[in-house]
Amino acid sequence: MPRAELVAGSQPADCVVLLHGLNRSWRAMDKMAKALQAEGYSTANVDYPSQSATVEGLAPMAVDTGVEECHRAGAERVHFVTHSLGGILLRYRQEQSPIDDLGRVVMLGPPNQGSEVIDRTRTWPGVRWLSGAAGMQLGTDADSIPAQLGPVDFELGVIAGVGSINPLMSAMLPDYDDGKVGVESTRVEGMDDFMIVGANHHDIMNSGTVIRATLAFLDRGSFAGSR
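Only a predicted model underlies this, so the values are computations on that prediction, with no experimental measurement involved.

**Looking at the packing of helix H2 (residues 55-72) against helix H3 (residues 85-96)**
Then, in step 1: Where H2 meets H3, the axes come as close as 8 Å, and the angle between the chain directions of the two elements is 90 degrees. One finds that H2 runs roughly perpendicular with respect to H3. Across the interface between the two elements, Val55, Glu56, Leu58, Ala59, Pro60, Ala62, Val63 and Asp64 of H2 pack against Leu85, Ile88, Leu89, Leu90, Tyr92 and Arg93 of H3.
Then, in step 2: When grouped by side-chain class, the residues that make up the contact of H2 with H3 number 11 nonpolar, no polar and 3 charged.

Shown next as structure tokens:
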């Protein structure tokens, strides 16, 4: 079952839900959460079993846990900072059951158009076990979850990385990439701002540049001037 580490901030009206990516835990988002707390935000850093179910099963599990914790802290606006799969879970849940008090969202390395890595490795031994059911849904084919989602209907800033440390996976991708997701695949119709940083997929959330950009977007809806 998912859980969320709730930390109340000095600005209780604004709470940020943090959603980690595939095969990660809440610890991956801990540095980001602490930076948000330092700015007065309440945070709900969700830990969910990313390999245990499909996107359809994980989305309400992870997203609703975070929203409920933010409401428990007295939040009037619920923002999100997501990594990779976490962004797809939010998009799916928002289409199925819109969050009335959804604020701004920052997605880090999201496979908004899917990832060719899944296309090319899905038949490899052990990949299905490692990626879980949700990971296997993140390809670029017409049946993938990203292909079935529409434009976003909320304020969104997307940050893509180009600092791959995985040459094998980068060779499977068609353009500049972070080792798991191509830069162009992170884009989605309806986003409000877009930024490319020199960071890899695994550690993008810990980049000082990314943290400053995230804080800027949550504050004013733009990455401008954050560097």
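**Some points on unusual backbone geometry**
With the exception of glycine, most residues fall at negative phi, and the peptide bonds are largely trans.
Then, in step 1: Even without being a glycine, asparagine 23 presents a positive backbone phi close to 65 degrees.
Then, in step 2: By secondary structure assignment, the location of asparagine 23 is in the loop between strand S2 (11-19) and helix H1 (30-38).
Then, in step 3: In this structure, serine 84 takes a positive phi of about 50 degrees despite not being glycine.

**Side note on the side chain of aspartate 14**
Then, in step 1: Within the secondary structure, aspartate 14 is located in strand S2.
Then, in step 2: Given a relative accessible area of 15%, aspartate 14 falls into the buried group.
Then, in step 3: Of the polar contacts made by the side chain of aspartate 14, one reaches the side chain of histidine 79; its length is 2.7 Å.
Then, in step 4: If we ignore the near neighbours within four places in the chain, the residues touching aspartate 14 are Tyr41, Ser42, Arg77 and His79.

**As for helix H8 (residues 208-220)**
Then, in step 1: Over its 13 residues, H8 runs 18 Å from end to end, which matches the ideal 18 Å to within 8%, given 1.5 Å per residue.
Then, in step 2: All of the buried residues along H8 are Val210, Ile211, Ala213, Thr214, Leu215, Ala216, Phe217 and Leu218.
Then, in step 3: The backbone nitrogen of threonine 209 lies 3.2 Å from a side-chain oxygen of the residue at the head of H8, namely serine 207.
Then, in step 4: Of the residues flanking the end of H8, it is glycine 221, one or two places downstream, whose phi is positive at about 80 degrees.

**Points about the nonpolar core**
Then, in step 1: By size, the foremost hydrophobic cluster in this structure holds 40 residues, and its most contacted members are Val17, Val55, Phe80, Leu85, Leu89, Val105 and Leu156.
Then, in step 2: At the level of elements, S2, strand S3 (41-47), H2, strand S4 (77-83), H3, strand S5 (102-108) and strand S6 (155-161) are the ones that each hand at least two residues to this core.
Then, in step 3: For this core, the element with the most residues is H2, which contributes 7 residues.
Then, in step 4: Sequence-distant contacts of valine 105, defined by excluding residues within four places in its chain, comprise Phe80, Leu90, Phe154, Glu155, Leu156, Gly157 and Phe217.

**Examining the packing of aromatic side chains**
Then, in step 1: Going through the model one piece at a time under the given rule, you end up with 1 aromatic pair.
Then, in step 2: Ring centres of phenylalanine 217 and phenylalanine 223 lie 5.3 Å apart, and the angle between their planes is 45 degrees; on these two criteria the pair is classed as tilted. Neither phenylalanine 217 nor phenylalanine 223 differs from the other in exposure class; each is buried.
Then, in step 3: Here the basic side chain of arginine 187 rests over the ring of phenylalanine 194, its NZ or CZ set 3.8 Å away from the ring centre.

**Concerning the environment of aspartate 219**
Then, in step 1: Mapping aspartate 219 onto the fold places it in helix H8.
Then, in step 2: When the C-alpha atoms of aspartate 219 and arginine 104 are compared, they prove to be 8.6 Å apart, with 115 residues separating the residues in sequence.

**Some points on the pairing of S2**
Residues in a regular strand project their side chains so that they alternate between the two faces of the sheet.
Then, in step 1: Two elements, S2 and S3, share 6 bridges in a ladder whose sense is parallel. The partner of cysteine 15 across the bridge, within S3, is serine 42.
Then, in step 2: For the segment spanning S2, H1 and S3, crossover handedness is right-handed.
Then, in step 3: Note that S2 and S4 share 6 bridges and pair parallel. From the neighbouring strand, aspartate 14 faces S4, where its bridge partner is arginine 77.

**Describing the side chain of asparagine 200**
Then, in step 1: Inspection of the secondary structure assignment puts asparagine 200 in the loop between strand S7 (193-197) and H8.
Then, in step 2: You can call asparagine 200 buried: its relative accessible area is 12%.
Then, in step 3: At 3.0 Å, the side chain of asparagine 200 forms a polar contact with the backbone nitrogen of histidine 202.
Then, in step 4: From its side chain, asparagine 200 meets the backbone nitrogen of aspartate 203 in a polar contact 3.0 Å long.
Then, in step 5: Not counting the four nearest positions on each side in its chain, asparagine 200 is found in contact with Gly163, Ser164, Ile165 and Asp178.

The rules behind the values
Residues numbered from 1 in each chain as written. Predicted model: local features only at pLDDT ≥ 70, side-chain atom pairs only at ≥ 80, totals over all residues. Heavy atoms only, no water. Axes fitted to C-alpha atoms, helices over the stretch in contact; angles between N-to-C directions. Helix = DSSP H or I, 4+ residues; strand = E, 2+ residues; numbered from the N terminus. Parallel < 35°, antiparallel > 145°, perpendicular 65-115°, else oblique. Contact = heavy atoms within 4.5 Å. Nonpolar A, V, L, I, M, F, W, Y, C, P; charged D, E, K, R; others polar. Buried < 20%, exposed > 50% of the residue type's maximum accessible area, 1.4 Å probe, protein only. Polar contact = N/O pair within 3.5 Å; in protein donor to acceptor, adjacent residues only side chain to side chain. Expected span 1.5 Å × (residues − 1). Core = buried A, V, L, I, M, F, W, Y, C linked by side-chain atoms within 4.5 Å. Phe/Tyr/Trp six-rings, centres within 6.5 Å; stacked < 30°, edge-to-face > 60°. Lys NZ or Arg CZ within 6 Å of the ring centre and 35° of its normal. Pairing = 2+ DSSP bridges. Right-handed = clockwise from strand over helix to strand, strands pointing away.

Treat this as a map of the structure, not an account of what it does.
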